[in-house]
Amino acid sequence: MQNGNTFWIILKMSENASYGTLQNDSSLIKGDKSGGGHGDGKLSGKAWGRVKNIMTRSQKYPNSVFFILGNEFCERFSYYGMRAVLILYLTNWLGFSEDVGTSIFHSFVMLCYFSPLFGAILADGYIGRYKTILIVSLVYATGNLVMALTALPPPEWYGPAIGLILIGLGTGGIKPNVSSFGADQFRADQEKERYTFFSAFYFSINLGSMLSIVLTPILRADVKCFGNECYPLAFGIPAALMILATIIFIAGSSLYKKVPPSGNLIGRVFKCIGYGLCGKIRNCGGPNKKEHWLYYADSKFECEFIREVQILLKVLFMFIPAPLFWALSDQQGSRWTLQAEKLNGDLGVFGTLKPDQMSALNPFLILLLIPIFEKLVYPCCEKCHFLTRPLQRMSAGMVLTVISFIMAGLLQIKIEASLESPLKSTESGVSFYNALHCDINVKMGELSYKIPPYQKSDYKVITAGKYKVDVKSCLPSLSREVSLESLHNIRIFVWSKDSNTTDFKIVEDLHSHPSEGNSKLSVFNDAWPGAQIVVVLSSHQGNISNQSGVLYPSSEQESLPFHTVAPGKYNIYWQSSADGNWTKLNTSITIGQGAVYNLLIARNKTKVVTCLLTSVEVNSVSILWMVPQYFVVTVGEVLFSITGLAFAYSQAPITMKSVVQAAWLMTTAVGSLVVVIVAQVQYFTSQVAEFMFFAALMALATIMFMVMSCFYTYYNTSGQGNGLGDKEELIIEEENEDIPLKDSNHPKNNPASDSTLVISDLLNCPLMLLLNVKVNVFIYVSPQLIIVENIYTCMLYKCDIVLHVFFSVYIVIQIFFLNRIFNKDLHFYVHVSDSRKIKLHLHIGGFTGTYHSFTMVQ
């Protein structure tokens with residue numbers, strides 16, 4: 001604006017912000033303070049000490065933060081430890097199908113991430129974050145105890161359902177509050193520490209989850225409880241950690257900075273939106289136009305609150321594509337774990353990797369990648385002007401997630417190529433086993449086999465129905481009619497009861513890969529009728545008993561059921577009913593991963609013969625093929641999740657931080673709902689098609705997110721959403737040493753003042769946006785002191801546009817090259833003195849000098 005020889009100095013601040021005044025004390029400003037501040041305008045020692053104190057005050061973490069990080073570590077250990085074994089618990093212990101188990105798993109996840117909305121309402125509106133976290137922690141711990149106790153046999157779903165609901169409500173009450181509660185512990189001038197807190201917070205999350213995902217599958221599989229896998233212990237350890245988390249949180253009570261609740265914001269937000277919409281509809285086409293449709297609610301709500309709701313809606317709008325990211329990412333605990341069951345986890349000398357341990361790779365990589373990204377990747381990106389914005393990084397994370405699911409689909413193609421096709425409704429499967437000491441010839445319909453002693457035929461799929469089976473051997477021939485039921489596999493053992501006659505034994509067969517990376521073993525004992533067999537790991541120390549390994553009692557000799565056996569090397573012991581002593585056979589067997597075996601124990605005259613026959617081969621594809629897709633999806637999570645967590649906090653108005661955090665977490669709930677719908681519809685008959693469907697869906701969401709990002713306006717705040725720089729917020733919010741814009745001598749209140757300059761941030765300066773130069777600027781306007789630090793700044797003048805463009809190019813380019821030459825943060829003191837005189841004082845490290853001085857002309 002031109003007014004004689006005057007120019008305005010304006011900082012973009014909240015319209016409703018309340019600023020205090022700074023007295024024109026000679027101890028603060030030395031020089032002539034009359035007539036709009038003419039004079040030298042030098043800072044006194046006291047004033048400079050005040051500025052220096054602001055700039056150099058202690059940056060240490062508050063002690064209370066460490067209690068919060070410890071609490072988060074234990075809570076995440078509890079949550080992810082329980083969740084790691086949940087899908088196998090649902091499918092293998094409770095007996096649900098893979099689709100139903102996946103639906104239950106993601107319904108639980110959906111509850112965990114939907115309930116944060118209620119946790120945010122409770123914290124922000126009624127009892128505060130501290131009490132909310134404390135109360136829901138007790139609910140959380142109760143749910144863990146219920147899960148542990150109801151995992152005891154016999155299997156039933158009622159208890160686990162109650163436990164999962166309590167855990168879902170408990171973790172949902174903690175999620176939106178604990179990160180915000182931790183951030184509340186920092187002062188306003190600790191923006192960098194607050195940002196690193198989010199990384200430390202995420203580090204503690206992933207450290208706890210990694211350790212628990214490694215430990216709980218070991219407790220589940222390697223410890224036996226009541227003759228089965230020990231789910232009570234696998235759920236009991238997480239319960240103990242949740243109790244410990246609550247104790248740690250209570251221990252830091254005296255140190256916490258507890259922000260009081262600010263009222264039921266959710267209700268007020270919805271009312272504000274409702275009034276705004278109604279006002280917009282009533283005034284549609286009318287003369288009463290508003291800056292934004294929300295301002296039609298200004299008769300009910302103050303303008304500051306309406307502005308915060310406006311900011312909130314802009315942030316929530318950016319969350320729309322986010323659920324698709326979580327729909328894919330959270331399948332690491334369901335579909336990817338089920339995929340790992342079909343892979344070979346044999347790592348040679350390093351042992352065997354269990355399917356539910358594979359997901360531990362995600363938190364391990366996050367722990368590894370966080371410091372790499374913080375110290376190496378992001379600084380390099382800043383120097384190369386690449387992925388410098390939060391939304392850019394989030395978009396890159398979404399692209400990588402698409403790639404990871406394409407990789408999962410390609411791996412699934414390789415897995416399915418090694419699997420048998422499932423039986424059709426009119427088909428049945430059959431295989432023959434020769435338990436005699438001589439060759440046999442078998443004919444059944446069009447099937448004809450010659451089977452050597454103690455061997456088996458190929459597995460064949462034929463039409464269900466009745467068939468005549470003819471067997472010829474060194475013993476008298478046998479002919480018998482056999483009925484094959486549809487969708488059933490059978491084994492036909494050819495053996496002799498008395499060494500003089502031939503007989504059949506027809507039992508159910510298993511012709512699919514076992515779950516959990518284990519194998520299945522059935523024992524046909526023709527050597528010691530009436531004896532029981534136990535298969536014991538060769539590493540077993542001590543006496544042999546029924547509990548030493550996998551027991552095959554004599555009562556099972558007719559049905560020959562399959563028992564689950566973990567991969568490894570085993571010794572075989574038999575026990576007669578006469579003396580009760582266990583006798584070890586001279587041979588041992590080696591069990592692979594994901595196979596189905598039949599162990600033949602027969603007597604060849606005076607010699608006992610043992611032969612391990614494989615009906616379903618071991619998993620042929622190594623589980624290590626999952627490592628690339630885990631790496632890609634984890635890099636995507638680092639880019640998307642950590643950045644998104646900080647983005648949601650930084651862009652939220654101060655009164656709505658927990659609400660925005662809850663909304664961010666609710667995107668995970670919506671993502672899980674998408675997975676539940678897809679799993680329940682059961683449209684895809686192939687897992688490959690389902691993986692590719694999710695990849696395509698995510699690709700569309702990524703494109704939409706990128707387009708939305710181009711139109712998003714960042715709020716240059718430390719979380720207040722007020723448009724201020726960090727140090728402005730420091731002065732206004734914390735120390736109450738306010739920017740004296742209400743001083744009578746200040747240009748804003750005195751249009752006739754000589755010092756009139758407009759300062760705009762990055763978004764109003766395309767050149768600075770292009771060069772991406774970060775400078776620290778101190779704007780000194782005699783006799784006032786205004787501090788603006790850590791913002792991207794350029795100069796604009798409300799006068800001639802040619803002058804504006806010239807000055808922008810001149811200053812920005814010189815700042816750019818100075819930054820490259822000295823490779824240091826630049827500090828500029830913009831001193832506006834009399835009439836038209838402007839001085840730029842440059843400070844680099846310990847050097848201070850006048851960088852440039854010139855006189856403005858009209």
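For the structure, see preceding data.
Worth saying up front: this structure is predicted, and the values here are computed from it rather than measured.

Cut-offs used in this document
- Residues numbered from 1 in each chain as written.
- Predicted model: local features only at pLDDT ≥ 70, side-chain atom pairs only at ≥ 80, totals over all residues.
- Heavy atoms only, no water.
- Core = buried A, V, L, I, M, F, W, Y, C linked by side-chain atoms within 4.5 Å.
- Buried < 20%, exposed > 50% of the residue type's maximum accessible area, 1.4 Å probe, protein only.
- Contact = heavy atoms within 4.5 Å.
- Pairing = 2+ DSSP bridges.
- Helix = DSSP H or I, 4+ residues; strand = E, 2+ residues; numbered from the N terminus.
- Axes fitted to C-alpha atoms, helices over the stretch in contact; angles between N-to-C directions.
- 1 Å grid on protein atoms, 1.4 Å probe; cavity = no way out; pocket = protein on both sides within 12 Å on 5 of 7 lines; lining within 4 Å.
- Points joined across faces, edges and corners; volume = space filled by probe spheres on them.
- Nonpolar A, V, L, I, M, F, W, Y, C, P; charged D, E, K, R; others polar.
- Disulfide = S-S within 2.5 Å.
- Phe/Tyr/Trp six-rings, centres within 6.5 Å; stacked < 30°, edge-to-face > 60°.
- Lys NZ or Arg CZ within 6 Å of the ring centre and 35° of its normal.
- Salt bridge = Lys/Arg side-chain N within 4 Å of Asp/Glu carboxyl O.
- Expected span 1.5 Å × (residues − 1).
- Bend = angle between axes of the 7 residues up to and from the residue.

## Focus on the nonpolar core
Residues Leu86, Tyr89, Phe108, Phe235, Met626 and Trp664 are the most contacted members of the largest nonpolar core, which totals 132 residues. Look past the residues within four positions of Phe235 in its chain and what remains in contact with it is Met82, Val85, Tyr89, Asn144, Met147, Ala148 and Ala151. One finds Met444, Val469, Leu478 and Val482 within the second-largest nonpolar core, a separate group that totals 21 residues.

## Examining the sheet that holds strand E5 (residues 427-434)
Spatial ordering of the open sheet is given by E8-E5-E11-E12, a layout of four strands whose pairing is mixed. The outermost strands of the open sheet, each flanked by one partner alone, are strand E8 (460-463) and strand E12 (503-508). On average, each strand axis in the sheet is tilted by 30° relative to the strand beside it, whichever way the strands run. Here E5 pairs with strand E11 (residues 489-495) via six bridges, running parallel. Of the residues in E11, the one forming a bridge with Tyr433 is Phe493.

## Re the layout of surface pockets
Volume-wise, the second largest pocket comes out at about 1400 Å³. Around the second largest pocket, the lining comprises 47 residues; the ones closest to its centre are Lys342, Leu419, Glu420, Pro422 and Ser512. Put simply, the parts of the chain that give the lining of the second largest pocket at least two residues each are helix H2 (64-93), helix H3 (98-114), helix H11 (335-341), helix H13 (390-417), strand E20 (607-616), helix H15 (657-681) and helix H16 (687-710). The element best represented in the lining of the second largest pocket is H11, accounting for four residues. Residues belonging to the lining of the second largest pocket are distributed by class as follows: 16 nonpolar, 19 polar and twelve charged.

## Focus: the state of the cysteines
Under the counting rule described, the total for this entry stands at two disulfides. One disulfide in the model links Cys225 with Cys230; its S-S distance is 1.7 Å. Between Cys225 and Cys230 the disulfide shows an S-S torsion of about -60°. By sign, it is left-handed. For the pair formed by Cys225 and Cys230, the shared burial category is buried. Within the chain, bonded cysteines paired by disulfides and numbered along the sequence follow the pattern 1-2, 3-4.

## Regarding the packing of aromatic side chains
Enumeration according to the criterion identifies 39 aromatic pairs in this entry. An angle of 85° between the planes, with centres 5.9 Å apart, marks the rings of Trp495 and Phe524 as edge-to-face. Pair noted here: Trp495 is in strand E11 and Phe524 is in strand E13 (residues 519-525), with a separation of 29 residues, a long-range link. Under the relative-accessibility criterion, Trp495 is labelled buried at 13%. Through successive ring pairs, a cluster of aromatic residues spans Trp336, Phe405, Tyr630, Tyr683, Phe684, Phe691, Phe693 and Phe694. When the ring centre of Tyr130 is taken as origin, the NZ or CZ atom of Lys258, which lies over that ring, is 4.2 Å away. Positioned above the aromatic ring of Phe305 is the side chain of Arg268, whose terminal nitrogen or guanidinium carbon lies 4.1 Å from the ring centre.

## A look at the pairing of E5
Among the eight residues of E5, seven are classified as buried, and the element is accordingly described as predominantly covered. In this sheet, E8 lies alongside E5 in antiparallel orientation, the contact comprising four bridges. Bridging across to E8, Ser428 finds its partner in Ile462.

## As for the pattern of salt bridges
Opposite charge on two side chains makes pairing possible when the charged atoms of those side chains draw close. The full count for this structure, using the stated rule, is 15 salt bridges. Among the ionic pairs, Glu302 bridges to Arg268, the shortest N-O distance being 3.6 Å. Pair noted here: Glu302 is in the loop between helix H8 (265-282) and helix H9 (303-318) and Arg268 is in helix H8, with a separation of 34 residues, a long-range link. On the basis of relative accessibility, which here comes to 29%, the residue Arg268 falls in the partly exposed class. Note that Arg491 is salt-bridged to Asp509, the shortest N-O span being 3.8 Å. Of this pair, Arg491 sits in strand E11 while Asp509 sits in the loop between E12 and E13, and the two are 18 residues apart along the sequence. A relative accessible area of 9% places Asp509 in the buried class.

## Notes on helix H5 (residues 158-184)
Between the first and last C-alpha of H5 there are 40 Å, a value that for 27 residues agrees with the 39 Å anticipated at 1.5 Å per step. Where H5 bends most, the angle comes to about 30°, and this point is Asn177. With respect to burial, H5 is a largely interior element, 21 of its 27 residues being buried.

## Looking at the environment of Cys611
With respect to the secondary-structure elements, Cys611 resides in strand E20. Residue Cys611 is classed as buried on the basis of its relative accessible area, which comes to 15%. When sequence neighbours within four positions are dropped, the list of residues in contact with Cys611 reads Tyr454, Gln455, Asn598, Leu599 and Leu600.

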